[in-house]
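Listed below, chain by chain, are the residues.
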Amino acid sequence: MYGKKACELVKEFSSSEPGQLSAFNSNLFAQVIEECNFHFHQLQSLLRHNRAEVIRCLGWMIEPPLPEEIQEKLSSSEKEYSKTHSATIKSYQSEMDLDLAVDMVPPKDPYIKVRVLDDIGNVALSDQIANLARHAILFLRRTDAETYISQGLMEELTD
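Keep in mind that what you see is a predicted model, and the values were worked out from it rather than measured.

## Re the pairing of strand 1 (residues 111–116)
Each regular strand carries side chains that alternate between the two faces of the sheet. Residue alternation in strand 1 divides its side chains into a buried set, Ile 112, Val 114 and Val 116, and an unburied set, Tyr 111, Lys 113 and Arg 115. Pairing between strand 1 and strand 4 (residues 137–141): five bridges, direction antiparallel. Note on strand 4: the bridge partner recorded for Lys 113 is Phe 139. Judged from the three bridges that link them, strand 1 and strand 5 (residues 154–156) form a sheet pairing that is antiparallel. Residue pairing for strand 5: Val 116 is matched across the bridge by Met 154.

Shown next, in the form of structure tokens:
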């Protein structure tokens, strides 16, 4: 399959008498060109798919937009793909009210039990206004609590 037609064409050419031309086999030549184009498109598709996969992975590891040293390595269509992919994820997260970058393992429950470690005061959470007084133990949405947990103002309580 790979180069078979081209091999036939070369054999046909080499079998002719030295210094003599045999009839040009335009049918076989067209098949060689067709085979080359087919392999070219397969290779091009494979490379694009692999590069798109790398771009998707970078989108999860690096906050958009991608750094300039990565952007300069992308083609214009890859830059557009990266921008569209990031916008789609951001839109989905906004619509579903969740942050996909927080945990790779989905939570069992959207609410968690937390203890307030420092007096934070009254804050507007996504579904309520709460007084986050020191030592208070509350059930909050995971997305509301994670900011305070990462700042060291709360801790998650596990049973």
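## Here's the deal with the domain arrangement of the protein
Accessible area lost during the coming together of the parts is what is often quoted as the interface size. Once the domains are mapped, the protein shows domain 1 (4–96) and domain 2 (111–156). For domain 1 and domain 2, the distance between their C-alpha centres works out to 50 Å.

## Side note on the environment of Tyr 2
With respect to the helices and strands, Tyr 2 occurs in the segment before helix 1 (4–14). Assessed through its relative accessible area of 65%, Tyr 2 is described here as exposed. For the pair Tyr 2 and Glu 35, spaced 33 residues apart in sequence, the C-alpha separation works out to 7.9 Å. With sequence-adjacent residues up to four places away left out, Tyr 2 is seen in contact with Glu 35, His 39 and Gln 42.

## Remarks on the sheet that holds strand 4
Read from one edge of the open sheet, three strands run 4-1-5, paired in antiparallel fashion. Looking at which strands have only one partner, the edges of the open sheet turn out to be strand 4 and strand 5. Each adjacent strand pair in this sheet contributes to an overall mean axis angle of 40°, direction not counted.

## What to know about the state of the cysteines
For the structure shown, the criterion picks out zero disulfides. Here Cys 7 is not cross-linked by a disulfide; its sulfur's nearest cysteine counterpart is in Cys 36, at 13 Å.

## Here's the deal with the environment of Thr 147
Counting through the fold element by element, Thr 147 comes out in helix 5 (residues 142–150). Put simply, Thr 147 and Asp 109 are 38 residues apart on the chain and 17 Å apart in space, counted from C-alpha to C-alpha.

## A word on unusual backbone geometry
A positive phi angle, near 75°, is found at His 135, a position not held by glycine. When you line up the elements, His 135 lands in the loop between strand 3 (129–132) and strand 4.

## As for the nonpolar core
Within the largest apolar cluster, twelve residues are counted, these being Ile 112, Val 114, Val 116, Val 123, Leu 125, Ala 130, Leu 132, Ala 136, Leu 140, Ala 145, Tyr 148 and Met 154. Only strand 1, strand 3 and helix 5 provide two or more residues apiece to this core. Of all the elements, strand 1 adds the most residues to this core, at three residues. Beyond its immediate chain neighbours, meaning those up to four positions away, Met 154 contacts Val 114, Arg 115, Val 116, Leu 117, Ile 120, Leu 132, Leu 140, Ala 145, Tyr 148 and Ile 149.

## Side note on the pattern of salt bridges
For the coordinates displayed, the defined rule picks out four salt bridges. In this structure, Glu 78 and Arg 51 form a salt bridge, with 2.4 Å as the shortest nitrogen-oxygen distance. Remark: Arg 51 occurs in helix 2 (residues 26–61) and Glu 78 occurs in helix 4 (residues 76–96); sequence separation between them is 27 residues. According to the relative accessible area criterion, Glu 78 is buried, its value standing at 13%. Here Glu 156 and Arg 142 are joined by a salt bridge, their closest N and O atoms 3.9 Å apart. Taken together, the positions of Glu 156 in strand 5 and Arg 142 in helix 5 put the pair 14 residues apart, joining distant regions of the chain. Glu 156 gets classed as partly exposed once you look at its relative accessible area, which sits at 37%.

The rules behind these values
- Residues numbered from 1 in each chain as written.
- Predicted model: local features only at pLDDT ≥ 70, side-chain atom pairs only at ≥ 80, totals over all residues.
- Heavy atoms only, no water.
- Buried < 20%, exposed > 50% of the residue type's maximum accessible area, 1.4 Å probe, protein only.
- Helix = DSSP H or I, 4+ residues; strand = E, 2+ residues; numbered from the N terminus.
- Pairing = 2+ DSSP bridges.
- Domains from an automatic or database assignment.
- Contact = heavy atoms within 4.5 Å.
- Axes fitted to C-alpha atoms, helices over the stretch in contact; angles between N-to-C directions.
- Disulfide = S-S within 2.5 Å.
- Core = buried A, V, L, I, M, F, W, Y, C linked by side-chain atoms within 4.5 Å.
- Salt bridge = Lys/Arg side-chain N within 4 Å of Asp/Glu carboxyl O.

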